[in-house]
Amino acid sequence: MVRDGRVLASRRTEPAHLAGLWEFPGGKVEHGESDEQALRRELREELVVEVAVGGRLGGDLLIGESAVLRVYVCTLVSGEPSLVDHDEHRWLAAGELLDVPWIPVDLPLVETLRALL
């Protein structure tokens, strides 16, 4: 989620091996949903916000042996991110992207995102 030249990063609380690391919020696609529908639903549930889903950021990233991460650039339509599944949110500018420790799967996208901001 991007706003005013900054991207939202959220700090995980679980699972234990990822707690304290930062991520781009989102979630899993349920049967019958498009990526965009799932992302809007997940951000509504996780952050209590409404977003407009834009284009993809990078390609597919493998998570484990069977899951794929797809990242989309979103803009905030309404609401302010709430702490539901995370213990902290930060709006990071391009020069601040490496100020937080990212979950390994999101880290390759940080440089791609820097150019976008």
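This report concerns the structure included in the present document. (Residues numbered from 1 in each chain as written. Predicted model: local features only at pLDDT ≥ 70, side-chain atom pairs only at ≥ 80, totals over all residues. Heavy atoms only, no water.)

## Let's talk about the side chain of His89
(1) Moving on: Inspection of the secondary structure assignment puts His89 in strand E8 (residues 86-92).
(2) Moving on: Judged by relative accessible area, which is 17%, His89 ranks as buried.
(3) Moving on: Of the polar contacts made by the side chain of His89, one reaches the side chain of Ser10; its length is 2.8 Å.
(4) Moving on: A polar contact is formed between the side chain of His89 and the backbone oxygen of Ser82, at a distance of 2.9 Å. (Helix = DSSP H or I, 4+ residues; strand = E, 2+ residues; numbered from the N terminus. Buried < 20%, exposed > 50% of the residue type's maximum accessible area, 1.4 Å probe, protein only. Polar contact = N/O pair within 3.5 Å; in protein donor to acceptor, adjacent residues only side chain to side chain.)

## Side note on helix H2 (residues 107-116)
(1) Moving on: Along H2, the residues classified as buried are Leu109, Val110 and Leu113. One side of H2 carries all its buried residues, which in axial view fall inside an arc of 115°. Opposite the packed face of H2, turned more than 90 degrees from it, sit the exposed residues Pro108 and Ala115.
(2) Moving on: Close packing links the buried residues of H2 with strand E2 (6-12) and strand E5 (61-63). (Arc of directions from axis to C-beta. Contact = heavy atoms within 4.5 Å.)

## Notes on the pattern of salt bridges
(1) Moving on: Taken as a whole, this structure holds 13 salt bridges when the rule is applied.
(2) Moving on: Across the salt bridge formed by Glu88 and Arg11, the nearest N and O atoms sit 3.1 Å from each other. Of this pair, Glu88 sits in strand E8 while Arg11 sits in strand E2, placing them 77 residues apart in sequence.
(3) Moving on: By relative accessible area, Arg11 is classed as partly exposed at 23%.
(4) Moving on: What you see here is one network of salt bridges that share partners, running through Glu30, Glu33, Arg41, Glu42 and Glu45. (Salt bridge = Lys/Arg side-chain N within 4 Å of Asp/Glu carboxyl O.)

## Focus on the environment of Pro15
(1) Moving on: Within the secondary structure layout, Pro15 lies in the loop between E2 and strand E3 (22-23).
(2) Moving on: Relative accessible area serves as the criterion here: at 36%, Pro15 is assigned to the partly exposed category.
(3) Moving on: C-alpha separation for the pair Pro15 and Pro101, spaced 86 residues apart in sequence, amounts to 15 Å.

## Brief notes about unusual backbone geometry
(1) Moving on: For the bond from Glu14 to Pro15, the omega torsion is -10°, close enough to zero to count as cis.
(2) Moving on: Of note, Val48 is a non-glycine position whose phi angle comes to about 60°, a positive value.
(3) Moving on: Along the chain, the position of Val48 falls in the loop between helix H1 (35-47) and strand E4 (50-56).

## Thoughts on the side chain of Glu46
(1) Moving on: Position of Glu46 among the secondary structure elements: in helix H1.
(2) Moving on: Of the buried charged residues, Glu46 lacks a salt bridge, with Arg12 as the closest side chain of opposite charge at 7.5 Å. (Lys, Arg positive; Asp, Glu negative; His and termini not counted.)

## Considering H1
What sets the pattern is the α-helix's 3.6 residues per turn: residues three or four places apart point alike.
(1) Moving on: The end-to-end C-alpha distance of H1 is 17 Å, a good match for the 18 Å that 13 residues give at a rise of 1.5 Å each.
(2) Moving on: Burial in H1 covers these residues: Asp35, Ala38, Leu39, Arg41, Glu42, Leu43, Glu46 and Leu47.
(3) Moving on: Residues of H1 that are buried sit in contact with E2, E4, strand E7 (72-78) and E8.
(4) Moving on: The first or second residue beyond H1 is Val48, which carries a positive phi of 60°. (Expected span 1.5 Å × (residues − 1).)

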